[in-house]
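Notes for the structure review
Here are the chains, one letter per residue:
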Amino acid sequence: MPEGHTLHRYAAALRADLAGQPVRASSPQGRFAAEAGTLDGAVLERAEAYGKNLLLEFSAGGTVHVHLGLRGLFLRYDDPAAEPRKGTRLHLVGDRAAYDLIAPMTCALLEPGAVARLLATLGPDPLRPEADGEEAVRRLRAHPRSVGAALLDQSVLAGVGNVYRAEVLYRHRVDPRAPARDVPAATYAAMWEDLRGLMARGVRVGSILTVDEAPDDTPPEQARYVYKQPACRGCGGPVRTWTLDGRDCYACDREQLAD
DNA sequence: CTAGTATGGACAA
DNA sequence: TGTCCCTACTAGC
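Residues numbered from 1 in each chain as written. Chains lettered and ligands numbered in written order. Predicted model: local features only at pLDDT ≥ 70, side-chain atom pairs only at ≥ 80, totals over all residues. Heavy atoms only, no water.

Structural notes on the domain arrangement of chain A
When cut into domains, chain A gives domain 1 (4–120) and domain 2 (133–252). Computed over C-alpha atoms, the centres of domain 1 and domain 2 are 29 Å apart. Taken together, the contact pairs 6 residues of domain 1 with 14 residues of domain 2. Both faces combined, the contact of domain 1 with domain 2 buries some 700 Å², and carbon together with sulfur accounts for 60% of it. Together, His5, Arg9 and Lys52 form the three largest contributors to the area buried by domain 1 at its contact with domain 2, with a combined 74%. Our count for the domain 1 to domain 2 interface comes out at 0 salt bridges. (Domains from an automatic or database assignment. Contact = heavy atoms within 4.5 Å. Buried area = accessible area lost by both parts, 1.4 Å probe. Salt bridge = Lys/Arg side-chain N within 4 Å of Asp/Glu carboxyl O.)

Some points on the environment of valine 239
Relative to the assigned elements, valine 239 resides in strand E9 (residues 239–244). Taking relative accessible area as the criterion, valine 239 reaches 15% and is therefore assigned buried. Between the C-alpha atom of valine 239 and that of glutamate 255, which follows or precedes it by 16 residues, the distance is 9.7 Å. Apart from the residues lying within four places of it in its own chain, the contact partners of valine 239 are Val226, Gln229, Pro230, Ala231, Cys232, Tyr250 and Ala251. (Helix = DSSP H or I, 4+ residues; strand = E, 2+ residues; numbered from the N terminus. Buried < 20%, exposed > 50% of the residue type's maximum accessible area, 1.4 Å probe, protein only.)

Remarks on the pairing of strand E4 (residues 63–67)
Of all 5 residues in E4, 5 are buried, a share of seventy percent or more. Taking every second residue as pointing to the same face, both faces of E4 are buried, with Thr63, His65 and His67 on one and Val64 and Val66 on the other. Taken together, the 5 bridges between strand E3 (residues 53–58) and E4 define a ladder with antiparallel strand orientation. Among the inter-strand pairings, leucine 55 is bridged to a residue of E4, identified as histidine 65. Hairpin remark: E3 followed by E4, antiparallel, with 4 residues in the connecting loop; positive phi at glycine 61, about 105°. (Pairing = 2+ DSSP bridges.)

Some remarks on the protein's contact with DNA strand C
What surrounds DNA strand C is the set Gln29, Arg31, Arg71, Leu73, Arg85, Lys86, Arg89, Ile102, Ala103, Pro104 and Met105. When the atoms of DNA strand C within 4 Å of the protein are grouped by moiety, sugar and phosphate amount to 53% of the total. The separation between a phosphate oxygen of DNA strand C and a polar side-chain atom of arginine 31 is 2.6 Å. The residue inventory of the surface near DNA strand C, partitioned by class, reads 5 nonpolar, 1 polar and 5 charged. (Near = heavy atom within 4 Å. Polar contact = N/O pair within 3.5 Å; in protein donor to acceptor, adjacent residues only side chain to side chain. Nonpolar A, V, L, I, M, F, W, Y, C, P; charged D, E, K, R; others polar.)

Quick word on the protein's contact with DNA strand B
Among the 17 residues in the neighbourhood of DNA strand B, the closest are listed as Lys52, Gly161, Tyr227, Arg247 and Asp248. In the interface set of DNA strand B, defined as its atoms within 4 Å of the protein, sugar plus phosphate atoms amount to 57%. Asparagine 162 places a polar side-chain atom, nitrogen or oxygen, 3.4 Å from a sugar or linking oxygen of DNA strand B. Between DNA strand B and aspartate 248 there is a distance of 2.9 Å, counted from a phosphate oxygen to a side-chain nitrogen or oxygen.

Structure, rendered in structure tokens:
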């Protein structure tokens with residue numbers, strides 16, 4: 001679940017339910033107990049996503065950095081008094097809802113300087129309105145390895161994960177193995193604009209849908225061209241799969257791969 | 001029911 | 001490269 005669109009979705013939900021009010025914070029699981037204690041009762045000033053990172057800024061002066069990793073998730077309860085699930089790393093309660101943060105890779109309290117350092121490691125996020133597409137193109141072209149590797153590098157683009165990678169490369173008929181510097185700037189510019197639209201749809205719908213003609217209620221696995229597809233949804237031909245840096249890569253054998 | 005897998009990434013070795 | 005995040009979903013017994 002957690003590519004960038006998921007984090008932006010959570011940020012919007014947390015903002016809507018908790019921002020601007022005192023928030024009760026606790027850590028039933030214990031690993032964030034000391035930090036939660038210092039935040040308990042502080043006002044949530046901001047909830048923002050930057051790529052796959054979520055930042056919760058509290059009036060007490062601290063910012064909680066959440067990275068879900070592969071398996072992390074938030075649960076939302078309509079009832080603020082709902083009992084947190086066992087193992088909840090961070091439990092947040094506002095006046096109209098409560099949230100559990102489960103199994104995040106990272107949940108840490110950051111000083112302002114550390115927040116700035118974190119953000120400095122990230123490339124442009126297609127889901128942030130102020131993001132600079134030209135900078136994204138520059139970083140993509142400057143990447144020393146393949147375009148497939150470049151797209152997953154969060155210092156190049158923030159928020160793109162394995163599904164969006166596979167799908168955007170297909171949509172632009174780019175071979176994931178191509179050296180990043182060999183892909184035309186115009187292609188990167190088009191991919192950037194495409195990602196903005198695709199990922200915004202992901203935020204709206206709550207899942208990654210990349211086939212334009214598929215209605216928003218199509219099951220996700222049926223609204224993708226190549227990611228985990230037995231056959232290319234575009235041409236019906238075979239999808240080739242291999243491993244790149246420990247992640248599965250998918251590409252249409254006919255339309256994307258020259259050899 | 002259990003096992004395998006994965007839309008991430010940091011860290012140890 | 002292997003391992004850890006008190007996960008969810010799916011395929012297969």
